[in-house]
Amino acid sequence: MPNGETQGSNTGKRVVLPSSYVGSRRYMDQLYFDGMAICSYVGFPDLFITFTCNPNWPEIQRLLGSVHLKASDRPDIISRVFKMKFDELLSDLTKKSLLGKVLAYMYTIEFQKRGLPHAHILIFLHPSNKYPTPSDIDRIISAEIPDQDTNEELYNLVKTHMIHGPCGFANRSSPCMKDGKCSKYFPKQFQPETIVDQDGFPVYRRRDNGHTVLKNGIQVDNRNVVPYNAKFLTKYQAHINMEWCNQSTSIKYLFKYINKGYDRITAAIVPNDDGTSNQPQNIDEIKQYIDCRYVSPSEASWRIFSFPIHGRKPTVERLYFHCEGQNSVYYTDFDCINKILEKPSVTESMFTSWFEANCKYPEAPNLTYSKFVSKFVYVKKKREWKPRQKGYTIGRLIWVPPITGELYYLRLMLTHVKGPRSYNDIKTVNNVKYDTFRDACFAMGFIGDDREFITAIKEANHWGSGQYLRLLFVHMLLSGNINRPRHVWSKTCHLLADGILYAQQRIANNRGIIFPIL
């Protein structure tokens, strides 16, 4: 992990900040995996929307004007008003279907360094409501300045909220300028018609029609317009950037971005280590989470009000599994070990309860573990599965690396086995019971000739970065279980190099896609 820890043999005390803590690194990672599970079920997202709070909204100014305060003086008001506006926007998208029927969505709330909240939203549309052609894209997204004579209101809104910069030669001191160039690649080129290039990226229409606005004393034209939806901009009167993103190459980047976690400041105070101490260093993830983290007043208010920082639909159920007798046991320091082992929560789990449900319900044996949640609901208090009465849930098997041995091969079997009533049923292939899950996987044809390692890298590629994949490959090599490392490398080197995603991201930026840079 990129947290300063370099020695895997460190024997110091570890303090873990679990994924159940809202905002932790593990929490954000699990959201990323959940997002990829939704993507694998309903397809690629169609629209990427960024919605930023406007401190000059009349609802905010009406409350502050009478007491002569600025918006920054009352972050609680900013948070409450933005929450109401965001809920209305989400309702317009998902319930009122203003852009079409929505099959799924995912959002994350973040906070700018100056304190204003903003939301990143991914929208998955029904196949009958997508926007596949350039003319369809023009119906919902514009990157041009409206005619001031015919639509003065929209003209003023675009001027106020949707103009980037000015930057470049006109303003070299703009915050977006890096190495003499705009980091967001503005100003764009004039474009007579919207096109989708050969790589699947849209290049929005930006006609040289003479429409201009005066921004910070500088005249700018359509080349500086951030893509927007006229209907939402008129209603919400704030920065709402809308991007068409229906291409596979940007999916991992989008999901990584909206679940990237919190910003940190660049200063740190560290103890002076003269190298004479041989004591193992403790690893405290809570301290790592707190150190150097910047919390704005608006974020503090948002968290105090217990407003959600993430949302998605449909729900993703994380399905845990374990080898026989190896389920996790949770207890406090003062618990008696003998009493702990007698608790039903130790002898029963979500996974073992699945075996019982396969015996109890006639329709259960037709489902794999990951598909089971589509028809059944796990009641944690009773530790049993019940038939689902309403709603729909996507199941996601928790991913484990090959180095975990039998647990990894158990997971491989769970992707195909239906209706087992015991661990032995999972080990049985063609009426032959094998001693281990690995042997069962071999009988199923899942492994052989290092196929399991190639499969593991390819599966991890669906959500992992190139750096993670290379680290995974190193662990495989160190495990000593790969028979032909050169063969595994030849089959996966194009993934380990991570060049495809990087190249496509650069193409996206050059083509006019405004995806914030990590």
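What counts, and at which threshold
- Residues numbered from 1 in each chain as written.
- Predicted model: local features only at pLDDT ≥ 70, side-chain atom pairs only at ≥ 80, totals over all residues.
- Heavy atoms only, no water.
- Core = buried A, V, L, I, M, F, W, Y, C linked by side-chain atoms within 4.5 Å.
- Buried < 20%, exposed > 50% of the residue type's maximum accessible area, 1.4 Å probe, protein only.
- Helix = DSSP H or I, 4+ residues; strand = E, 2+ residues; numbered from the N terminus.
- Contact = heavy atoms within 4.5 Å.
- Arc of directions from axis to C-beta.
- Axes fitted to C-alpha atoms, helices over the stretch in contact; angles between N-to-C directions.
- Parallel < 35°, antiparallel > 145°, perpendicular 65-115°, else oblique.
- Left-handed = near helix turned anticlockwise from the far one by under 90°.
- Nonpolar A, V, L, I, M, F, W, Y, C, P; charged D, E, K, R; others polar.
- Polar contact = N/O pair within 3.5 Å; in protein donor to acceptor, adjacent residues only side chain to side chain.

(A) Examining the nonpolar core more closely. Counting 52 residues, the largest nonpolar core has Phe-321, Phe-351, Tyr-369, Trp-385, Leu-414 and Ile-426 as the members making the most contacts within it. Ranked by the residues each element gives to this core, the list is headed by helix H14 (residues 406-414), at six residues. Residues within four places of Trp-385 in sequence aside, it is in contact with Leu-319, Met-350, Ser-353, Trp-354, Ala-357, Tyr-361, Tyr-369, Phe-372, Val-373, Phe-376, Val-377 and Tyr-378. Counting 46 residues, the second-largest nonpolar core is a separate cluster that includes Ile-77, Phe-86, Leu-90 and Leu-99.

(B) A look at helix H16 (residues 437-444). What H16 keeps buried is the set Phe-437, Ala-440 and Cys-441. Projected down its long axis, H16 shows its buried positions confined to an angular sector of 100 degrees, all on one face. Just downstream of H16, Gly-445 is the residue with a positive phi angle, here 85 degrees.

(C) Local environment of the packing of helix H17 (residues 451-460) against helix H18 (residues 466-479). In the contact formed by H17 and H18, the axes pass within 10 Å of each other and the chain directions differ by 160 degrees. It follows from the interaxial angle that H17 and H18 lie roughly antiparallel. Of the two elements, H17 crosses H18, and the hand of that crossing is right-handed. Contacts from Phe-453, Ala-456, Ile-457 and Ala-460 of H17 reach H18 at Tyr-468, Leu-469, Leu-472, Phe-473 and Met-476. Grouping the constituent residues of the contact of H17 with H18 by class yields nine nonpolar, no polar and no charged.

(D) Geometry of the side chain of Arg-396. Note on placement: Arg-396 falls in strand E17 (residues 393-397). With relative accessibility at 10%, the residue Arg-396 sits in the buried group. At 2.8 Å, the side chain of Arg-396 forms a polar contact with the side chain of Asp-34.

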